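For reference, the chains in residue letters:
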Amino acid sequence: MQQVFTRPRSLKDVSTHFCPGCHHGTIHRLVAEALDQFGVQDRTIGVASVGCSVFLYGYFDIDVVESPHGRAPAVATGVKRARPDNFVFTYQGDGDLAAIGTAEIIHAANRGEDITVIFVNNTTYGMTGGQMAPTTLVGQKTSTSPYGRDKAKDGSPIRMAELLAQLGGVAFSARVAVDSPKHLMEAKKEIKRAFRYQVEGKGFSFVEVLSSCPTNWGVSPLAANARIQEELIPYFPLGVFKNDENL
Amino acid sequence: MQQVFTRPRSLKDVSTHFCPGCHHGTIHRLVAEALDQFGVQDRTIGVASVGCSVFLYGYFDIDVVESPHGRAPAVATGVKRARPDNFVFTYQGDGDLAAIGTAEIIHAANRGEDITVIFVNNTTYGMTGGQMAPTTLVGQKTSTSPYGRDKAKDGSPIRMAELLAQLGGVAFSARVAVDSPKHLMEAKKEIKRAFRYQVEGKGFSFVEVLSSCPTNWGVSPLAANARIQEELIPYFPLGVFKNDENL
Amino acid sequence: MGRIEIDELRCKGCGICTIACPKKLITLCDKVNHQGYTPAEAPCQELCTGCALCAEICPDVAITVFK
Amino acid sequence: MGRIEIDELRCKGCGICTIACPKKLITLCDKVNHQGYTPAEAPCQELCTGCALCAEICPDVAITVFK
Amino acid sequence: MSKRLFVKGNEAAAMGAIEAGCRYYFGYPITPQSDIPEYLSREFPKLSGEFIQAESEVAAINMLLGASACGVRAMTSSSSPGISLKQEGISYMAGAELPGVIINISRSGPGLGGIDASQSDYFQSVKGGGHGGYRIIVLAPNSVQEMYDLTMHAFDLADLYRTPVMLLGDSVIGQMKEALVPNPRPVRELPEKGWAVRGKGGGEQRVVKSLFLGDGELEAHNWHLHAKYQVMKERECLSEEYQTADATLLVTAFGSVARIAHTAVTMAREAGLKVGLFRPITLFPFPEEALAAAAGRAGRVLDIELNTGQMVEDVRLTVGAGVPVSFYGRPPGAGSLPSPEELFEVIKKQF
Amino acid sequence: MSKRLFVKGNEAAAMGAIEAGCRYYFGYPITPQSDIPEYLSREFPKLSGEFIQAESEVAAINMLLGASACGVRAMTSSSSPGISLKQEGISYMAGAELPGVIINISRSGPGLGGIDASQSDYFQSVKGGGHGGYRIIVLAPNSVQEMYDLTMHAFDLADLYRTPVMLLGDSVIGQMKEALVPNPRPVRELPEKGWAVRGKGGGEQRVVKSLFLGDGELEAHNWHLHAKYQVMKERECLSEEYQTADATLLVTAFGSVARIAHTAVTMAREAGLKVGLFRPITLFPFPEEALAAAAGRAGRVLDIELNTGQMVEDVRLTVGAGVPVSFYGRPPGAGSLPSPEELFEVIKKQF
Amino acid sequence: MRYDVLIAGFGGQGVLLAGNLLSYAALDEGKNVCYFPSYGVEKRGGTANCTVVIADGAVGSPVVGSPSALIVLNQGSLERHGMQVRPGGVCIVNSSLADAATLQRDDIDIVPVAMNEIASDLGDPRMVNMVALGAYVALTGVVSLASLADALKEALPERNHRFIPANLRAIETGAQVARSILPVAGKSNNRQEKA
Amino acid sequence: MRYDVLIAGFGGQGVLLAGNLLSYAALDEGKNVCYFPSYGVEKRGGTANCTVVIADGAVGSPVVGSPSALIVLNQGSLERHGMQVRPGGVCIVNSSLADAATLQRDDIDIVPVAMNEIASDLGDPRMVNMVALGAYVALTGVVSLASLADALKEALPERNHRFIPANLRAIETGAQVARSILPVAGKSNNRQEKA
Ligand SMILES: Cc1ncc(C[n+]2csc(CCOP(=O)(O)OP(=O)(O)O)c2C)c(N)n1
Ligand SMILES: Cc1ncc(C[n+]2csc(CCOP(=O)(O)OP(=O)(O)O)c2C)c(N)n1
Ligand code: SF4
Ligand code: SF4
Ligand code: SF4
Ligand code: SF4
Ligand code: SF4
Ligand code: SF4
Ligand SMILES: [Mg+2]
Ligand SMILES: [Mg+2]
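Now for the overall build of chain E. Across its full length, chain E carries 13 helices and 15 strands. Rg of the C-alpha trace for chain E: 20 Å, near the compact-globule value of 20 Å for 351 residues, within the 12% margin. Considering only C-alpha atoms, chain E reaches an extent of 70 × 50 × 40 Å along its principal axes. For chain E, the residues scored as buried account for 74% of the 351 residues in total. Long-range contacts, defined as pairs at least 24 residues apart, comprise 81% of the intrachain contacts of chain E with a sequence gap of at least 6. As displayed, chain E has an accessible area near 9300 Å², and 52% of this comes from carbon and sulfur atoms. Of the side chains in chain E, 33 bear a positive and 39 a negative charge, and the two mean positions are spaced by 3 Å.

All names here are of chain B. Donor atoms from the polypeptide that bind the magnesium ion (ligand 10) are D94 (OD), N122 (OD1) and T124 (O), placed at 2.0 to 2.2 Å. In primary sequence terms, the donor set of the magnesium ion (ligand 10) follows D-x27-N-x1-T. Note that D94 is positioned in helix α4 (residues 94–100) and N122 in the loop between β5 (116–121) and α6 (151–154), a separation of 28 residues in sequence. Of the two residues, D94 and N122, both sit in the buried class.

Glancing now at the packing of helix α1 (residues 23–38) of chain B against helix α8 (residues 181–199) of chain B. Residue and element names in this part refer to chain B. Viewed as axis vectors pointing N to C, α1 and α8 meet at an angle of 45°, and their least axial separation amounts to 10 Å. In this view, α1 runs oblique relative to α8, as classed from their interaxial angle. In terms of crossing hand, the pair formed by α1 and α8 is right-handed. Residues T26, R29, L30, V31, E33, A34, L35, Q37 and F38 of α1 touch α8, and the partners they reach there are L184, A187, K188, I191, K192, F195, R196 and V199. Class assignment for the residues of the contact of α1 with α8 results in ten nonpolar, two polar and five charged.

Turning to the confidence of the model for chain G, a few remarks are in order. The predicted model of chain G averages 89 in pLDDT, with 89% of residues at 70 or higher. In the model output, the complex is listed with pTM 0.97 alongside ipTM 0.97.

Here we take up the pairing of strand β2 (residues 44–48) of chain A. Residue and element names in this part refer to chain A. Buried residues dominate β2, accounting for five of its five residues. Across the two faces of β2 the burial is the same, with T44, G46 and A48 and I45 and V47 all buried. Two strands pair when backbone bridges link them, and β2 and strand β4 (residues 87–93) are joined in this way by five bridges, in the parallel orientation. Opposite G46, over in β4, you have F89 as the bridge partner. In terms of strand pairing, β2 meets strand β3 (residues 63–66) through four bridges, oriented parallel. In the strand pairing of β3, V47 is matched with V65.

After a rotation of 180° and a shift along the axis of 0.0 Å, chain F superposes on chain E with an RMSD of 0.0 Å. Interpreted geometrically, this transformation is the action of a two-fold axis. Of the C-alpha atoms belonging to chain F, the one lying closest to the rotation axis is found on F:G129, 2.0 Å away. Of the interface residues in chain F, 100% have counterparts in chain E that sit at the interface too, so the contact is made through matching surfaces.

Thresholds, definitions, all that
Residues numbered from 1 in each chain as written. Chains lettered and ligands numbered in written order. Predicted model: local features only at pLDDT ≥ 70, side-chain atom pairs only at ≥ 80, totals over all residues. Heavy atoms only, no water. Helix = DSSP H or I, 4+ residues; strand = E, 2+ residues; numbered from the N terminus. Rg over C-alpha atoms; globule rule 2.2 N^0.38 Å. Buried < 20%, exposed > 50% of the residue type's maximum accessible area, 1.4 Å probe, protein only. Contact = heavy atoms within 4.5 Å. Areas by Shrake-Rupley, 256 points an atom, 1.4 Å probe, with all protein chains shown as cover. Lys, Arg positive; Asp, Glu negative; His and termini not counted. Charge placed at Lys NZ, Arg CZ, Asp CG, Glu CD. Donors = N, O, S within 2.8 Å, 3.2 Å for Na, K, Ca; no water. Axes fitted to C-alpha atoms, helices over the stretch in contact; angles between N-to-C directions. Parallel < 35°, antiparallel > 145°, perpendicular 65-115°, else oblique. Left-handed = near helix turned anticlockwise from the far one by under 90°. Nonpolar A, V, L, I, M, F, W, Y, C, P; charged D, E, K, R; others polar. pLDDT = per-residue confidence, 0-100. Pairing = 2+ DSSP bridges. Least-squares fit on C-alpha atoms with pLDDT ≥ 70 in both.

Next comes the structure, spelled out in structure tokens:
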């Protein structure tokens, strides 16, 4: 008998601070696997954002630059322009990317910066205790929408993967999930494709990953995992929204 | 014989600082006409941005609040929430709205703030001396793209009217021009429609107006006027991109 | 039957009205005024229909139209 | 023919592997461990195919699979 | 209503804002102040107030600018990094003479730093972190009760002087719970807001702006603002003294560390050391007169701050060269909050 | 190359950056500094440098953060309102100890204000406009030649101390044209940038961050930064004196107004008044020793600034109570730039 | 009188609720109270602790270097805070999860209480914090058990009021056990300091 | 020696080019020069003016309160700056667009030159600024006409070098006219101050 499943080399052998059942852990592993597969670990510069994934440097065995909240795409732009031969990705939450970082993500995407963005959408601000995010579903109760998100006052959840797909510089934009083996395998495929596009210099690639936040959703890990299929996917459809090989 | 064309009441009887042939003047007049037509002059609060239109208060006979560069949609949000019965519009340039103000316009639109945004797209930063804007056409020479905008490094011009049309809270989004009597009449129609939607409380309405900047384009007023049809409209098509009466 | 008046002091001589007038009744005079502009003029207005297209297109609201 | 090992110290008892395993070989034990979690266990693994779905889905990379 | 409630400092500030008549809040989540937006998002709907979670701190301060321009009482709150992002907006509000309350439950930096109690934003708050040389009133509460009372006071001062007012606290003041007597809003003579935009309604056009291009206009405007700051210095200084009457050593401290110093001073007194505590409550205007007097009596000053030395500059400028000023700083961070016992040791060394 | 060129101050700064080896610029247009990005957008392509017009000043400072984290020489430039927006990013760079040059061709405020020459950003620049109590080196050129030389110097200091360095000018210094001798970049011993990210390439992981959560870590980091600032104070102070030897009145002024004061002092000397000029070139670290000496000799100081009084606080803290310090301020705005004749009158009144 | 106590354990043991309950009780008795929770970047997981200062006069510092009383619910907290207790003070240890013997001090009273077992015996393992509180109150008399009982209504959210009887039982049992180990009259009275 | 001059007119009259040309000429003669343009929010339209200070030693202030020489190209500038000229100084007025008589001063030399007419006569109305410069140089001798001629290459963009002869003619004519009005030997020499 031999080992058929092992921890990716790019992922440090430590336990994380993530809550039980939090998909951040799964997504970390998928990203690390992709780094391994392309053999870019040694020339990768990860750009961390501010959110529950702020400890990126603690879990990935790669060089990391920390960004102010929301500014990872700008930081990554500086990094990639200074080191065009390095592999550069950002890892951002939905508060980080879809709220405070809106201008930075839109313009990095529009310039077609040759970077990959992993966008972890858990429909809330995890690290700060579960406030409403631009991605919070209508009716969803959070600590700052105690009566549920009100479409009339707060607007509808933003679909970033679709929005960014509109922009010229975007080579690839997709939305995936990791709540089931089936979705997880697709997620693997798309994350690797996004990475390949950067390796091949095709331009800006973007993968939105639907993620759970049991703690702030106030449900069990299993219930949170189930919510992805039951509530998130119906509004945030999985799929590839832009795939521009010859950008 | 009687007078068949008169200056709108909402427009002060003063001469402007605009350069000869600058469409800002024309657009100011069309907006003032719409204010007159709906009889909202007395309850209008205009939100000025920073750009060649910074002197909004000098030309419109209405209450005006000045905003920091790019933040007019946020300022207007504060104004409208505090005074829901007032008529509130912003008047912003393309540097102001499509660059530094990207996050503010996207989220005001997404929240469906009940305001109207007049977006004057002259493909450059007029007031500061003609630098490249997110709307600058590929190949267009500006003071910061002396060799012409390079799609590979600077990305492609952003089409704001189309992009905003994607967002939930947007009731109306259109692009018009004022370079010919025909376009001007359409522009009048759409600006009035946008205003009507606010008067009727239908939500966020947006009108992008293609505008000339003879001074920074470095051509004569007539040549600048002609460029709208010849170069801008082919990339920035005129039309209505969202018209959601029953939002 | 129409007639227009061009405000010398408001006109900046951009010339846009000259191409907007279907009857081509407007031209720019060649002498520079005090602000350094060559304002528009419509010397003979017999054919003016009062359609006001010139006034509509003028960025500086320098034209008044009668009909 | 497969076999899995669950790392007691990494497992946070989220239970996601228990629904991911097509053979339903994994369960959460009921005694709380020192971190206050009830870790997963797979007492009888005869039917384990080594498909590794459990390991793939585990957010904490707590499962190793042999085949 | 004199029943004592038991609430967090942050909640007390939110309650004070409501009692002050504030019904417009614009903010963006950040630890350790999120209790404020969370509380108001629960309560405002019941009071038909408007709570908006902005897309960023930049948007929030500009929403505040817009609401304040309409003459309503409005506020925002954040913590250090978020406050840095608001600096342009604060400068615009100061320039346009707009009232508005800004709460900074500051955290440790620089950069991302951490979320522990810190006083490293003193300079940013009192010297004007934004451009243009404006000043804003800065209040430094040191108890849950003051979080409530001073928030109400902040709204009055903002309207009285047409200026942004900042409440500067930290995670100690914001997160601790104490008894709160929810006093009713004090009645105060306040000027009409004739300058506020509301639609000209046939009347004069109203313009809220900070752009002044006419010859000499902007210089005059700057002197006008300067004159306003002088009036604040004369009328609005607040400070508190403890055991200063016969003190031969005056400890100066504000906010959270003043609470710790208070106990340290008590310990010193029990040990027979003649120590007193001077606590500025208004950081701008800085209570120069009162401090100069107390410092003069004591003859020497020990300034204690949760940073590497900021207010100490204002203390030195105030007491003059006659009175030696020493400094004890504990820059912020996990596990770095000094205990009363530690401060007592520091004080002892002075004798 | 000693041929004298005739260029704008802004262009000189851009040329200095190129000579210093800077090949990465990130900025957003704003008057009166746009000549800098405009010049570099023309020249960088020829040098295979990267010029990016960012979507905002916030994006620009964070692009700078990213490039600097890679160890390359990079810069941004802006003017007052834009600099306010950069405060969070500057705090992050200071916290992560990242080099980087920031040019502020400041303008008049507060708010939108105007674009006239101003020195109202002194506090923001030297006291840390951002959160977290960091400091950055601030250089204040007063000639086109200094715009060039000090920009080169700024890059060296940034690398030497791993800190952001700001060049603080205004529309006078940025827009005037003077002769420039484009001196070659001085050779200077600079440390390796082992900390820069480049992909770990088998070696140790490198992390550029300002987050410190371990017990005592952040406090230690703050003291480490503080210690660095002390070294700067010892080694990097720059100042210039004119006619101070026998002066009985010492005028202190920096940047543009120091140029005007220089002529005023000349006029005073011609009128037989013993006046000297002390010009701080580094605003942080503030040239305390040199100023204290010169002020001590003269016995009294007249501080002149284009604001309502900022550097004067550092002057007072430096000279101590023995030496009376009076202040003459001209807050900025259209038509408010004082002439040498006006300053001469102000000086005369002192006798 | 001035009392201060540090309560520490890991997340989920109800440390903060215990602190709150104690505060409400003291408040009801007309005392001044300052409750100060520790606050980590990660709001969840890890260790949790809070300080409660109770005084007739000004409470002064919310931060306490050496508290007169320490309540530790797990081994980690005992190791981390054990040495902080002021000489003459008391340390109440949850002997179910921590080994009181590992704290080598004879200048304070060390009171081991098997809180988990007691709570489980009472039928609700989550009552560990109440058992601890009962012990503390019994040993220090900082507030009356009656006040604690009343305070439960304020400290617990409406929906949990049905658990009040269970909480009461846990508090009382904790008190009994503590008294049986160390009579109130004992030297632990020195724990009352002047403000 | 220290010379300072304020040149003012409206946009499009080439005020800034004149200042630049003068600066280059002085630079070529080894002098120190500081050229300071006025700068409005609106970069276009309105009035334009610039100050040029020329000195052997330090130029000192770029800003000049009362210049020893003033060149005004339109009435507005004459009214705005006329009184600023230092006693004993000279004011060169473009009499085509400004009425020199409106400046009531006898403590300075007022030299009216019909610059527009002269320029038009020379065949290029845009040469007004060169006529003005010629007059100024002739009256003050701050630089030699030869240096001005050489400087044209530096001051003008490559593509405009074909206009150099025309510029030269304008400069010389301006100089002649000025001399004919006020001999160089005249009291306007007092205009040279020490630095
Ligand atoms: C300028 C600034 N504003 C706010 C914060 C506080 N903050 C930290 S993380 C975060 C958002 C976290 O949510 P998200 O980006 O969705 O990441 P998640 O934790 O959900 O994975 C916020 C608002 C900050 N650190 N800096
Ligand atoms: C924070 C900030 N950054 C930059 C500027 C400088 N600025 C003034 S207007 C402007 C852009 C003008 O372009 P646009 O918005 O397109 O308006 P236009 O003048 O073309 O009509 C800029 C960058 C500013 N005032 N504030
Ligand atoms: S708070 Fe939510 S997002 Fe953050 S670690 Fe816990 S579960 Fe994951
Ligand atoms: S610069 Fe351009 S946009 Fe501004 S007024 Fe002139 S023509 Fe219009
Ligand atoms: S369009 Fe108006 S401004 Fe332009 S030339 Fe005609 S009248 Fe004059
Ligand atoms: S009214 Fe019509 S016809 Fe008459 S001048 Fe104007 S455009 Fe021509
Ligand atoms: S998925 Fe992983 S962490 Fe969750 S229970 Fe299974 S083994 Fe434990
Ligand atoms: S490897 Fe497959 S079969 Fe075996 S335990 Fe895991 S999921 Fe079940
Ligand atoms: Mg999230
Ligand atoms: Mg524009």
